[in-house]
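# Architecture at a glance
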Amino acid sequence: MTENVIDRWSPAPDPAAGEAVTAARDGAAIVMAGLSKRYGDVTALDGVDLVVPPGAVCGLLGPNGAGKTTAVRILSTLTRPDSGTALVGGIDVTRDPDEVRRRIGVTGQRTTVDDILTGRENLETWGRLYHIGVRTARRRADELLEQFGLADAATRMVRQYSGGMRRRLDLAVGFLLRPQVLFLDEPTTALDPHSRNEVWQVVASMAAQGTTVLLTTQYLEEADRLASQIAVLDHGRMIAQGTPDELKSRIGGHRIDVVLGGDGAVARTARGLARVVGAEPEVDAAASRISVPVRDQVTTLHDVMRWLHDNEVEVEDVAVRRPTLDDVFLSVTGHGADVGRAAA
Amino acid sequence: MTATTMITVPPRPTNPLDRLRWALTDGWVVGRTNLFHWRRNPGLITQCLMYPVMTVVFGFVFGSAMVVAGGGSYREFLMPGLFGQTMMFGIITTMMVTSSATAKGMTDRFRTMPMAQTGVALGRCVADLVTSVFELIILVVCALLVGWRFHHGLGPALGALGLLLLFRFALVWAGIFFGLILPVEAVGAGYVPLLPLTMLANTFVSPTQMPPWLGAIAEWNPVSATVAACRELFGNPGVVGDSWAAQHAMLLAFAWPAVIMLVFVPLSIRRYRNLER
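None of the values given here were measured: they were computed from a predicted structure.

Cut-offs applied
- Residues numbered from 1 in each chain as written.
- Chains lettered and ligands numbered in written order.
- Predicted model: local features only at pLDDT ≥ 70, side-chain atom pairs only at ≥ 80, totals over all residues.
- Heavy atoms only, no water.
- Helix = DSSP H or I, 4+ residues; strand = E, 2+ residues; numbered from the N terminus.
- Rg over C-alpha atoms; globule rule 2.2 N^0.38 Å.
- Buried < 20%, exposed > 50% of the residue type's maximum accessible area, 1.4 Å probe, protein only.
- Contact = heavy atoms within 4.5 Å.
- Lys, Arg positive; Asp, Glu negative; His and termini not counted.
- Charge placed at Lys NZ, Arg CZ, Asp CG, Glu CD.
- Areas by Shrake-Rupley, 256 points an atom, 1.4 Å probe, with all protein chains shown as cover.
- Buried area = accessible area lost by both parts, 1.4 Å probe.
- Salt bridge = Lys/Arg side-chain N within 4 Å of Asp/Glu carboxyl O.
- Polar contact = N/O pair within 3.5 Å; in protein donor to acceptor, adjacent residues only side chain to side chain.
- Domains from an automatic or database assignment.
- Expected span 1.5 Å × (residues − 1).
- Phe/Tyr/Trp six-rings, centres within 6.5 Å; stacked < 30°, edge-to-face > 60°.
- Core = buried A, V, L, I, M, F, W, Y, C linked by side-chain atoms within 4.5 Å.
- Disulfide = S-S within 2.5 Å.
- Pairing = 2+ DSSP bridges.
- Axes fitted to C-alpha atoms, helices over the stretch in contact; angles between N-to-C directions.
- Parallel < 35°, antiparallel > 145°, perpendicular 65-115°, else oblique.
- Left-handed = near helix turned anticlockwise from the far one by under 90°.
- Nonpolar A, V, L, I, M, F, W, Y, C, P; charged D, E, K, R; others polar.

This part is about the overall build of chain B. The number of helices and strands found in chain B is 12 helices and zero strands. Taken over the C-alpha trace, chain B has a radius of gyration of 21 Å; the compact-globule value for 277 residues is 19 Å, and the two agree within 12%. Principal-axis analysis of the C-alpha atoms places the extent of chain B at approximately 75 × 40 × 35 Å. Looking at chain B residue by residue over its 277 residues, the buried ones come to 49%. Across chain B, contacts joining residues at least 24 apart in sequence account for 83% of those joining residues at least 6 apart. Measuring between centres, the 18 positive side-chain charges of chain B sit 10 Å from its 11 negative side-chain charges.

Along the backbone of chain A there are 13 helices and 14 strands. Put simply, chain A has 344 residues, and 56% of those count as buried. The long-range share in chain A, meaning contacts at least 24 apart out of those at least 6 apart in sequence, stands at 70%. For chain A, the computed accessible surface area is about 14,300 Å², with 47% contributed by carbon and sulfur atoms.

If you look at the interface, chain B gives 39 residues, while chain A gives 43 residues. Between chain B and chain A, the buried area comes to about 3,800 Å², and carbon and sulfur atoms account for 56% of it. Among the residues chain B hides against chain A, the three largest losses belong to Arg40, Arg109 and Thr112 of chain B. Together they make up 19% of the total. Our count for the chain B to chain A interface comes out at four salt bridges. Here Glu121 of chain A and Arg40 of chain B are joined by a salt bridge, their closest N and O atoms 2.7 Å apart. At the boundary of chain B and chain A, one finds 15 residue pairs in polar contact (both at pLDDT 80 or more). Of all the secondary structure elements, the ones that give two or more residues to the side of chain B that touches chain A are helix H1 (16–40), helix H3 (74–103) and helix H4 (106–111) of chain B.

Now for the domain arrangement of chain A. Partitioning chain A into structural domains gives domain 1 (2–249) and domain 2 (254–321). Taken over C-alpha atoms, the centre of domain 1 of chain A sits 39 Å from the centre of domain 2 of chain A.

For the rest of this paragraph, the subject is helix H11 (residues 266–277) of chain A. Residue and element names in this part refer to chain A. Between its first and last C-alpha atoms H11 spans 16 Å; for 12 residues at 1.5 Å apiece the expected length is 16 Å, and the two agree. Three or more residues of H11 are buried, namely Val266, Thr269, Ala270, Gly272, Leu273, Ala274 and Val277. Lining the buried residues of H11 we find strand E11 (255–260), strand E12 (282–284), strand E13 (289–293) and helix H12 (297–310). One or two positions beyond H11, positive phi appears at Gly278, with a value near 70°.

Before going further, it helps to spend a moment on the packing of aromatic side chains. All names here are of chain B. By the definition in use, this model includes 13 aromatic pairs over all chains. Their ring planes at 85° and their centres at 6.5 Å tell us that Phe169 and Trp173 sit as a pair that is edge-to-face. Within this pair, Phe169 and its partner Trp173 are both found in helix H6 (residues 154–181), separated by four residues, close to a single helical turn. By relative accessible area, Phe169 is classed as partly exposed at 25%.

In terms of nonpolar packing, the biggest core is built from 114 residues, with Leu123, Phe148 and Met206 of chain A together with Met79, Phe83, Phe110 and Trp173 of chain B touching the most fellow members. The leading source of residues in this core is H3 of chain B, at 13 residues. Apart from residues no more than four positions distant in its own chain, Met206 of chain A is found in contact with Gln147, Phe148, Leu171, Phe175, Leu182, Leu184 and Thr211 of chain A. Within the second largest apolar cluster, 29 residues are counted, among which are Val48, Leu50, Leu75 and Phe183 of chain A.

Summed over all chains, the structure comprises zero disulfides over all chains. No disulfide involves Cys230 of chain B; its sulfur sits 17 Å from that of Cys142 of chain B, the nearest cysteine.

Turning our attention to helix H5 (residues 119–145) of chain B. Look at H5 of chain B: 39 Å from first C-alpha to last across 27 residues, which is about the 39 Å you get at 1.5 Å a residue. Just downstream of H5 of chain B, Gly147 of chain B is the residue with a positive phi angle, here 105°.

Turning to the side chain of Glu222 of chain A, a few remarks are in order. Residue and element names in this part refer to chain A. With respect to the helices and strands, the residue Glu222 is situated in helix H9 (residues 220–226). The side chain of Glu222 is buried and forms no salt bridge, while Arg196, the nearest opposite charge, is found at 4.5 Å. Excluding residues that lie within four positions of it along the chain, Glu222 makes contacts with Pro187, Thr188, Arg196, Trp200, Leu215, Thr216, Thr217 and Ala227.

Where strands meet in a sheet, backbone hydrogen bonds hold them as pairs that are either parallel or antiparallel. All names here are of chain A. As summarised here, the arrangement of the four strands in space is E12-E13-E11-E14, forming an open sheet in which the pairing is antiparallel. For this open sheet the edge positions go to E12 and strand E14 (315–321), each flanked by a neighbour on one side alone. Direction aside, neighbouring strands of the sheet carry axes that sit 15° apart on average. Inspection of the sheet shows E11 paired to E14 by six bridges, in the antiparallel sense. Bridging from a neighbouring strand, Leu260 pairs with Val315 of E14.

Turning our attention to the packing of helix H2 (residues 43–62) of chain B against H3 of chain B. The relative placement of two packed helices comes down to the angle between their axes together with the axis-to-axis distance. Residue and element names in this part refer to chain B. The geometry of H2 relative to H3 is characterised by a closest axis approach of 10 Å and an angle of 165° between their N-to-C directions. The angle between H2 and H3 falls in the class roughly antiparallel. Crossing hand, H2 versus H3: right-handed. Contacts from Cys48, Tyr51, Pro52, Thr55, Val56, Gly59 and Phe60 of H2 reach H3 at Arg75, Leu78, Met79, Leu82, Gln85, Thr86, Phe89 and Thr93. Split by residue class, the contact of H2 with H3 holds nine nonpolar, five polar and one charged.

Further remarks concern the sheet that holds strand E5 (residues 91–92) of chain A. All names here are of chain A. Reading across the sheet, the four strands line up as E2-E1-E4-E5 and stay open at both edges, with antiparallel pairing between neighbours. The two strands at the open ends of the sheet, each matched to only one other strand, are strand E2 (42–52) and E5. For strand E4 (residues 83–88) and E5, the ladder comprises two bridges, and the chain directions are antiparallel. Paired with Val88 across the bridge in E5 is Ile91. Sheet strands in contact with helix H3 (residues 68–75) are strand E1 (30–39), E2 and E4, and its direction is about 115° off that of E1.

Rendered as structure tokens:
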């Protein structure tokens, strides 16, 4: 099933290990070839292949426990893989981790800035730990504070920062070196929509300076917004990869969710709506919810409403929404995103 | 918005001397940030000193009712024990900071950087030793206020303080190791095993006044060696006992820290390198 999906969907076949290494020699920023990692009984990664060209922003998409964090940990030299090859900037992460560390920036799920230090002190300290020299660290700190919109808060202790400001400072630490490759593990988790927007802008500005970004996310919207390449992970396996447009055309863009008032009419309504939109809707019988893929929002919404009205269907709620990770999984694997397994 | 600063990260040096300098720089930079905490959050130091200062007061109040083996004032006997106990409790601070830095992902961030493998640990040593120096200064002042004295002059007294710091230095490495393997909640409960360990020693009572089997354990307790050596150097009472351990307290005050470091320096560095949570 999974193999079929990749054949049908990926524009290019996934590179075998040998080809992947060749690709790295040709200058790919990140290569994962047959990468596997187990934690006890849990398979976190199961033969993952991925090549990210330099300057690209790659979105690693998947639910909790899909193996996203494990992939980032291996690439950022924190964890050794059981088997397979991982190259960053053409350098093997297990053979020469120190060389990799000179070229990467990492921002994890938790903010690692020091509450008691000011924003500038945090940046200076981390900068000095890269051994770039006190003066350079200082200059770079000021530059980053400016770039990340924190110049006014530079001399305030971080414990007075808002959640969004802390996250931006944390990203600035990851970007201290203006690294060749930047890893962002769920950079917007637990942020309010406003702060999320700010982080998106910051990530886009980092990518614009030529840094290759690998970011993990559970939000399709985020990957779509930032990434030039999306890879979908499930149970430690790569189940799909391609450009955001390819992914969206596969799952059909926006959705109209229809929640029925009475009961019993779900199957009949689903069949009717399938004829109206010319695509198979997803049905959640327990919640009386029918979800139809949409090509042209306004026309389709109009058609759906008219059909519901003409057929006297009792409707409780109708909403147009963006597709989610669940929709991706439904269309690629036939099941929803299976959230909440142990491995992360 | 235009980034102008050119940044080049030098490769990690290969010759031993440069490596050492690299590690010491890392240690200083990490340690320095920890010291900001004391400066900006003076409440921390009050918390840390609450217990020892209370005990000094306790010794002052009850001291006259206690009998010291071999004679002498209990207050004079107690203070070196208290200094030793404070050094031992310091391991909780080390474990706590290490464990919470790990839980917060701070340790992982250090590990993705081209730092010296020992850089973070050395930073801990810098911070914890500076803290301990302050703790000792305050304790010595309190002790002098309640009537404790050193009798062999300033040189040996400073030597005794040096031994206390050596003991603390060794414990930093043990603290780092346990901080890396234990979750924060477990570290918070660290007083439970540690308190009896500091009492099952010559800190409060001379082992010669304990049942023989208990006394033997107490005499071989690492903290006892340091405390007995301090009593000797301060000229305080309670330097008694004819077991090998009691007779060679000065030697053990160097040997125990050496053994502790021999075990925990490699353990904590290996654990740091292969950290997995």
